[in-house]
Amino acid sequence: MLEPLTNNFLSYNEYKLNELGVIKLTRRQEQKEQTRKLLVEVAINYFAKDGLLATKTSDIAKAAGVAHGTVFVHFPTREDLVVAAIQEIGSRITSRIHQLALNRGSVREILEAHLEGLIEFEAFYTKLIAEGKLLPDAVQKYIIMIQSAISYHLMEVAVIEMEAGNIKQVPMHLLFNTWIGLIHHYLINHELFAPRESVLRRYKEELVTYFITLIAK
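Thresholds applied
- Residues numbered from 1 in each chain as written.
- Predicted model: local features only at pLDDT ≥ 70, side-chain atom pairs only at ≥ 80, totals over all residues.
- Heavy atoms only, no water.
- Helix = DSSP H or I, 4+ residues; strand = E, 2+ residues; numbered from the N terminus.
- Buried < 20%, exposed > 50% of the residue type's maximum accessible area, 1.4 Å probe, protein only.
- Contact = heavy atoms within 4.5 Å.
- Areas by Shrake-Rupley, 256 points an atom, 1.4 Å probe, with all protein chains shown as cover.
- Polar contact = N/O pair within 3.5 Å; in protein donor to acceptor, adjacent residues only side chain to side chain.
- Salt bridge = Lys/Arg side-chain N within 4 Å of Asp/Glu carboxyl O.
- Expected span 1.5 Å × (residues − 1).
- Bend = angle between axes of the 7 residues up to and from the residue.
- Axes fitted to C-alpha atoms, helices over the stretch in contact; angles between N-to-C directions.
- Parallel < 35°, antiparallel > 145°, perpendicular 65-115°, else oblique.
- Left-handed = near helix turned anticlockwise from the far one by under 90°.
- Nonpolar A, V, L, I, M, F, W, Y, C, P; charged D, E, K, R; others polar.

J.: Quick rundown of the overall build of the chain? Include the residues and the values.
T.: Tallying secondary structure elements over the chain gives 10 helices and 0 strands in all. Across the chain, helices and strands are ordered from the amino to the carboxyl terminus as α-α-α-α-α-α-α-α-α-α. Expressed as a percentage of the 217 residues in the chain, the buried residues total 38%. Considering only residue pairs separated by 6 or more positions, the chain has 69% of its internal contacts joining residues 24 or more positions apart. Within the structure as shown, the chain displays about 13100 Å² of accessible surface, and the carbon and sulfur contribution to it stands at 55%.

J.: Break down the environment of Asp50 for me, with residues and values.
T.: If you trace the backbone, Asp50 turns up in helix H1 (residues 12–50). In this structure the C-alpha to C-alpha distance between Asp50 and Phe124, which are 74 residues apart in sequence, comes to 9.2 Å. Discounting residues that sit within four places of it in the chain, Asp50 has contacts with Thr55 and Lys127. A distance of 3.0 Å separates polar atoms of two side chains, one belonging to Asp50 and the other to Lys49.

J.: Explain the pattern of salt bridges to me, and be specific about the residues and the numbers.
T.: For the structure shown, the criterion picks out 8 salt bridges. Residue Lys49 is joined to Asp50 by a salt bridge in which the shortest nitrogen-to-oxygen separation is 3.0 Å. On the basis of relative accessible area, Lys49 is assigned to the exposed category, the value being 52%. Of the residues examined, Asp50 reaches a relative accessible area of 33% and is grouped as partly exposed. A salt bridge links Glu205 to Arg108; the shortest N-O distance between them is 3.2 Å. Of this pair, Glu205 sits in helix H10 (residues 199–215) while Arg108 sits in helix H5 (residues 107–120), placing them 97 residues apart in sequence. Residue Glu205 is classed as partly exposed on the basis of its relative accessible area of 45%. Shared partners join several salt bridges into a network, and the residues in it are Glu41, Glu88 and Arg92.

J.: How would you sum up H10? Please name residues and give values.
T.: Spanning 17 residues, H10 covers 23 Å between terminal C-alpha atoms, matching the ideal 24 Å at 1.5 Å per step. Within H10, the axis deviates most sharply at Glu205, by approximately 40 degrees.

J.: Tell me about the packing of H5 against helix H7 (residues 137–163), residues and numbers included.
T.: Packed helix pairs are specified by the crossing angle of their axes together with the interaxial distance, meaning the distance between the axes. Orientation of H5 relative to H7, taken along the N-to-C sense of each, is 160 degrees, at an axis distance of 9 Å. Taken together, the axis directions place H5 and H7 in an arrangement best described as roughly antiparallel. For H5 against H7, the interelement crossing comes out left-handed. Residue-level inspection shows Val107, Ile110, Leu111 and His114 of H5 in contact with H7, the latter providing Ile150, Leu154, Val157, Ala158 and Glu161. Residue classes in the contact of H5 with H7 are distributed as 7 nonpolar, 1 polar and 1 charged.

Shown next as structure tokens:
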């Protein structure tokens, strides 16, 4: 005699209902992730235009076409949104440098890749370094993390070129700090060097060539 179906088995209708629930959940997750990405992209544009300190979350929400409260569903605090924007920029800038380091690129190639990454987000990055000291400590930590990642990859290739006798034996902290200091000087004073255009694009080749001349044997 056949035993009746137990509760361990779902009926066809129950199965379809559960499947539909999973699909709806997945779609909601996708929509949520898309909204989050949109908010980060809009925030990056607004921070680049108005600065990280002056930009209002209400303006970001309006430009993204969502309710103001939606911002805080994805980012509990304004600081969290700022960090997310910095992380996104940092990831895009360092990814190409990371790949070059893996492929044993030269110091020149690393420097050029660094500038190319910065050029893409030049306005944002300029605001970031100008306002950095006024931002919360947690935000400053992520700025330092980006610089540390770039410094690490530069060090990787610089060591190889030092051992090959292509460049001078320079302390790594001085090598990176001299490079980043040069870039930051031009960015902070961009109106003097290249008003109404990208200062890094205009001086990219000159900056790289000059720095290589400083460290070359």
